[in-house]
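Working through the structure, step by step
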Amino acid sequence: MKVLKFGGTSVGTIESLRNVKRIVESLDSPAVVVVSALGGLTDRLIATAKESAEGKDTRIDAMECCAKRHHDIIHELVSHDKQGEVLEKVDAMLTELGNLYLGVSLINELPERTLDRIVSYGERMSSVIVAAIVSGACHKDSLEFVKTERWMGRNIADRKATEKLIQRNFPLPLEQHCVIGGFISRDNNDGTITNLGRGGSDYTAALVAAALDAEMLEIWTDVDGFMTSDPRIIKDAKVIPDMSFVESMELCSFGAKVIYPPTIYPVFHKNIPIKILNTHRPEVPGTLITDNATRLPDEVRGVSYVRDTATVTIHGKVVKDIEEVNTRTYNAMARNGISVMLATGDEDAMEFTISVKAADARKALETVRNEFAPEIGAGDVLSVYLTEHLAIIAVVKEGIRRMQGLGARLTSTLNRNGITVNGLSEGTSDSTLALVVNDDKAEQALKLVHDSVIPA
Ligand code: ADP
Ligand code: ASP
Ligand code: MG
């Protein structure tokens, strides 16, 4: 049994939905099909909600446009005998959505839970429509089985509860294709509508694949596969035919948008292969992600980048025990819900530096200062400081440490082109070499690094 996930661009137009129908209907056996909202709709739902809260009068036009997109698809692709029923369901949701916008515009406020409710309509509508387009498919409501819990002021998947509920809702073997909405969920304690974060439909698909021990997770999108870098920036990026789970995890956590980062872990854990495929060109082989990818002796798998990052540096004698500083810093960050993207240390220079997202920078600085307050008092920490407006370029391949001299070579390439390398991390995982550069040089640095490590 396979799980197939179709992203917004795959369900954005009548033409691409025809491909989705063809792809699913040509499968040999029943599958679970996870769909995103129509392409661009989630952005639009959020924008209109914010505008309504600001008292701007855009909701009527936005609702008209949203209704038209869904109605056009229904009229064009849903068989006549089912159109009435589907229109009724979608129109009921559109009415609820319109009422929510009205409420937001009246109170001039947009509480988080109201926004979460508003964005959920994207996937709730698209999944009902796709289920009616694919012959012999049924629809199931993800809100019934994808559950979240609160953690550090955020909603995160409640993996245990979700796994049990998925197993209960999808008795195996499946008798027909089941279409569900990605991204959306409910809080397991109070039942409010939540979601798994932007791009989270991939994660829904992974949770379903893992819970049902699927033979494969297929992510259908708008590019020919996982590429050696972001094709929007690197015009000659190439499709990577195969890669390991670890490599894909590293590339995604350093910004490769093609898969939402938490997606890989649940399927990796169950050793379920992932394929990245193009809905617009289903004949292209795409990328296969497994735990036994081809070994690349001296070739990098891919390069990704994250913008808008910052570093927090601890300077002082305490760094002489780098292991201890590392452990204390990681633990303090974890307790405060801040994820550390990189850590680098230089015992001789007595400096230890972590990279975090810009949004976490102030909190990270404060956390480090609190953690090392005793050492600051005793003079063993001379300063703790923040450096902002940075980007990380991540060069990925399992066993990257064996490519000796790579860090020095890339640093000198960047320096020759007028780009300062503020930090270099070669050690933490044996799959990623990371370079920290100024954010305004991010794209230029990405191109230079990609050109240097990916053969033409
Ligand atoms: P979907 O709507 O299918 O979820 P996304 O927009 O979330 O699609 O992800 C696909 C996009 O990710 C591609 O169109 C591409 O521009 C971008 N992308 C960034 N990095 C990579 C990469 N390394 N390989 C492939 N695509 C990438
Ligand atoms: N529709 C949601 C988003 O745009 C989830 C997804 O597409 O994966 O973020
Ligand atoms: Mg996506």
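Treat the numbers as computed from the prediction; the structure is a model and nothing was measured.

**Here we look at the packing of helix α10 (residues 322–335) against helix α11 (residues 361–371)**
Where α10 meets α11, the closest approach of the two axes is 10 Å, and the angle between their N-to-C directions is 125°. Between α10 and α11, the angle is such that the two are oblique. The two elements α10 and α11 meet at a crossing, and its hand is right-handed. Contact residues: R328, T329, A332, M333 and R335 in α10; A364, T367, V368 and E371 in α11. Class assignment of the residues belonging to the contact of α10 with α11 gives a composition of four nonpolar, two polar and three charged.

**Quick word on helix α14 (residues 442–453)**
Compared with the 16 Å implied by 1.5 Å per residue over twelve residues, the 16 Å span of α14 between its first and last C-alpha is a close match. Of all the residues in α14, the buried ones are A442, A445, L446, L448, V449, H450 and V453. On the buried face of α14, the contacting elements are β13 (302–315), β16 (383–396), α13 (406–416) and β18 (432–438).

**Remarks on the environment of A62**
Within the element layout of this structure, A62 appears in helix α3 (residues 59–77). With a relative accessible area of 6%, A62 lands in the buried category. For the pair A62 and G379, spaced 317 residues apart in sequence, the C-alpha to C-alpha distance is 59 Å.

**Quick word on the site of ligand 1**
Neighbouring residues of ligand 1: 17 residues in total, closest K5, T221, D222, M227 and K257. With respect to ligand 1, the backbone of G8 contributes an N or O atom lying 3.1 Å from an oxygen atom. At 2.9 Å from a nitrogen atom of ligand 1 is found a main-chain nitrogen or oxygen belonging to M227. When isolated, ligand 1 has an accessible area of 570 Å², and the protein chains bury 89% of it. By residue class, the composition of the shell around ligand 1 is six nonpolar, six polar and five charged.

**With respect to the pairing of strand β6 (residues 178–181)**
Along any regular strand, the residues point their side chains to alternate faces of the sheet. Of the two faces of β6, the one carrying C178 and I180 and the one carrying V179 and G181 are both buried. Where strand β2 (residues 32–35) meets β6, four bridges bridge the pair, whose relative direction is parallel. Paired with V32 across the two strands is C178, which belongs to β6. The sheet contact formed by strand β3 (residues 138–139) and β6 spans two bridges and is parallel. Note on β6: the bridge partner recorded for C138 is C178.

Procedures and definitions
- Residues numbered from 1 in each chain as written.
- Chains lettered and ligands numbered in written order.
- Predicted model: local features only at pLDDT ≥ 70, side-chain atom pairs only at ≥ 80, totals over all residues.
- Heavy atoms only, no water.
- Axes fitted to C-alpha atoms, helices over the stretch in contact; angles between N-to-C directions.
- Helix = DSSP H or I, 4+ residues; strand = E, 2+ residues; numbered from the N terminus.
- Parallel < 35°, antiparallel > 145°, perpendicular 65-115°, else oblique.
- Left-handed = near helix turned anticlockwise from the far one by under 90°.
- Contact = heavy atoms within 4.5 Å.
- Nonpolar A, V, L, I, M, F, W, Y, C, P; charged D, E, K, R; others polar.
- Expected span 1.5 Å × (residues − 1).
- Buried < 20%, exposed > 50% of the residue type's maximum accessible area, 1.4 Å probe, protein only.
- Near = heavy atom within 4 Å.
- Polar contact = N/O pair within 3.5 Å; in protein donor to acceptor, adjacent residues only side chain to side chain.
- Areas by Shrake-Rupley, 256 points an atom, 1.4 Å probe, with all protein chains shown as cover.
- Pairing = 2+ DSSP bridges.

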